[in-house]
Amino acid sequence: MIPDNAKPMPWRKYSDALIESMNYIERRASGDIKSLKTHWQQFNSIGLNGIEWGNSYILASRPGVGKSLLIASLTRQIQELNKNQDFYILHFQFEMSGKNLATREIASANNMNLRYLLSAKDKNMIDLTSEDLSKVKNYVSKQANRKEYIIDVPMTVREMKATLYAFYQFVKKPFVVTLDHTMLVKKDASETSKQQTMENLAAMTIETKKALPITWFILSQLNRDIDSAERQIPGKLSNFPCDADIYQSDAFMQGADVVIAYNRPAKYQLKYYGPESYVLELSDKYLIAAHILKNRFGELGIHWYKADYAKMNFLEVDPPPKKEKK
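Okay, so let's go over this structure. In this text the structure is predicted, and so the values were computed from the model without any measurement.

Cut-off values and rules
- Residues numbered from 1 in each chain as written.
- Predicted model: local features only at pLDDT ≥ 70, side-chain atom pairs only at ≥ 80, totals over all residues.
- Heavy atoms only, no water.
- Helix = DSSP H or I, 4+ residues; strand = E, 2+ residues; numbered from the N terminus.
- Rg over C-alpha atoms; globule rule 2.2 N^0.38 Å.
- Buried < 20%, exposed > 50% of the residue type's maximum accessible area, 1.4 Å probe, protein only.
- Contact = heavy atoms within 4.5 Å.
- Areas by Shrake-Rupley, 256 points an atom, 1.4 Å probe, with all protein chains shown as cover.
- Pairing = 2+ DSSP bridges.
- Axes fitted to C-alpha atoms, helices over the stretch in contact; angles between N-to-C directions.
- Salt bridge = Lys/Arg side-chain N within 4 Å of Asp/Glu carboxyl O.
- Core = buried A, V, L, I, M, F, W, Y, C linked by side-chain atoms within 4.5 Å.

Side note on the overall build of the protein
Then comes step 1: From N to C terminus, the protein includes 9 helices and 11 strands.
Then comes step 2: Computed over the C-alpha atoms, the radius of gyration of the protein is 22 Å, within 12% of the 20 Å expected from 2.2 N^0.38 for a compact globule of 326 residues.
Then comes step 3: Referenced to the eigenvectors of the C-alpha coordinate spread, the extents of the protein come out at roughly 85 × 60 × 50 Å.
Then comes step 4: Here the protein holds 326 residues, and the buried ones make up 47% of them.
Then comes step 5: For the protein, the proportion of contacts with a sequence separation of at least 24, taken over those separated by at least 6, is 69%.
Then comes step 6: Taken as a whole, the protein presents about 17,700 Å² of accessible surface, with 54% of it coming from carbon and sulfur.

Written out as structure tokens, the structure reads:
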């Protein structure tokens, strides 16, 4: 005999899932559900002509490539370009303070050199003018109603999960979640290792993207192995980041919908990059190769950007030429 307090069974009819999918297809066709557009056409092409709701993106690189800059640019863009969609943004910004993140945005949005903006008084650099200071104040005053929030005190996975559900009750709208970055998530008292923390984090992102109307952008590190001399032989496949280079890749690769590894080839003095032998200018230290390692929506490959670190921006560029075959 089945007890009265038995838990309900977890299964449901597959035909119900088909109906759910049909309704989703119909809402996309009618324009009721739209992807979030960015200025980067390459990035839009990874998903369904934009960022799809209910998914998780892993963005990984070695330090100094500009992960934080990238995610700040992306979240600002989607707010500018998708004003017909009602959504929020929540940053788990564990690497830098909210003030420092905001300063970078002000520099980028106003096309100003960061050191000039902060009155570094470098040689041959003038002081911040009163006109530019007024421009900054005007920009900031126009941002008061942005639907964007930040948490810059590190949390455990358990605390992050509770915060996500509380935030949804607060806004009652879809929201984009960013995490900068995985290594800085605090270890809970119940977790015996950092690996367990990362496994719990990966499981939590899968659970919440199914339970809540959110999309995740998770910043992570590439392991040090990519810096080894053996991987810096020009024109070899080992020049390229791979799945195993992602920090705690076993935890994150399975549940992620899109995984992108960003690399600065000029850092390694590579004249020829990868088996396709992209011909690189060694002086072009701002060229960024974005390797699409996983994509549930379509093709893999490499996209190319140029980082303008002085003005805190990422720009799309054409691929470098390939070495001519003899």
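Once you've had a look at it, read on.
A look at the sheet that holds strand E6 (residues 258-263)
Then comes step 1: If you walk across this open sheet you meet the 9 strands as E3-E2-E4-E5-E1-E6-E9-E10-E11, and the pairing is mixed. Across the chains shown, the open sheet's two edge strands, defined by having one partner strand only, are strand E3 (148-151) and strand E11 (313-316). Recorded for the sheet is a direction-independent mean angle of 25° between the axes of neighbouring strands.
Then comes step 2: Strands strand E1 (56-61), strand E2 (88-93), E3, strand E4 (175-180), strand E5 (214-221), E6 and E11 of the sheet are contacted by helix H3 (residues 67-81), whose axis makes an angle of about 160° with E5.

Quick word on the pattern of salt bridges
Then comes step 1: One pass over the structure, following the stated rule, counts 16 salt bridges.
Then comes step 2: For Arg28, the salt bridge goes to Glu52, with nearest N and O atoms at 2.7 Å. Of this pair, Arg28 sits in helix H1 (residues 14-30) while Glu52 sits in the loop between helix H2 (41-46) and E1; the two residues are 24 residues apart in sequence, bridging distant segments of the chain.
Then comes step 3: A salt bridge links Asp227 to Arg62, with the nearest nitrogen and oxygen atoms 3.0 Å apart. Placement of Asp227 in the loop between E5 and helix H9 (249-252) and of Arg62 in the loop between E1 and H3 is noted, with a sequence separation of 165 residues between them.
Then comes step 4: Taken together, the shared-partner salt bridges connect Asp86, Lys147 and Lys173 into one network.

Describing the nonpolar core
Then comes step 1: Within the largest apolar cluster, 46 residues are counted, with the highest numbers of intra-cluster contacts made by Phe92, Met160, Leu164, Phe175, Leu179, Leu201 and Trp216.
Then comes step 2: Per element, the largest residue contribution to this core is 5 residues, and it comes from helix H7 (residues 157-171).
Then comes step 3: With residues up to four places along the chain from it excluded, the contact list for Leu164 reads Leu90, Phe92, Phe175, Val177, Met204, Thr208, Leu212 and Trp216.
Then comes step 4: In terms of nonpolar packing, the next biggest core, distinct from the first, is built from 38 residues, Trp53, Ala107, Leu219 and Ala290 among them.

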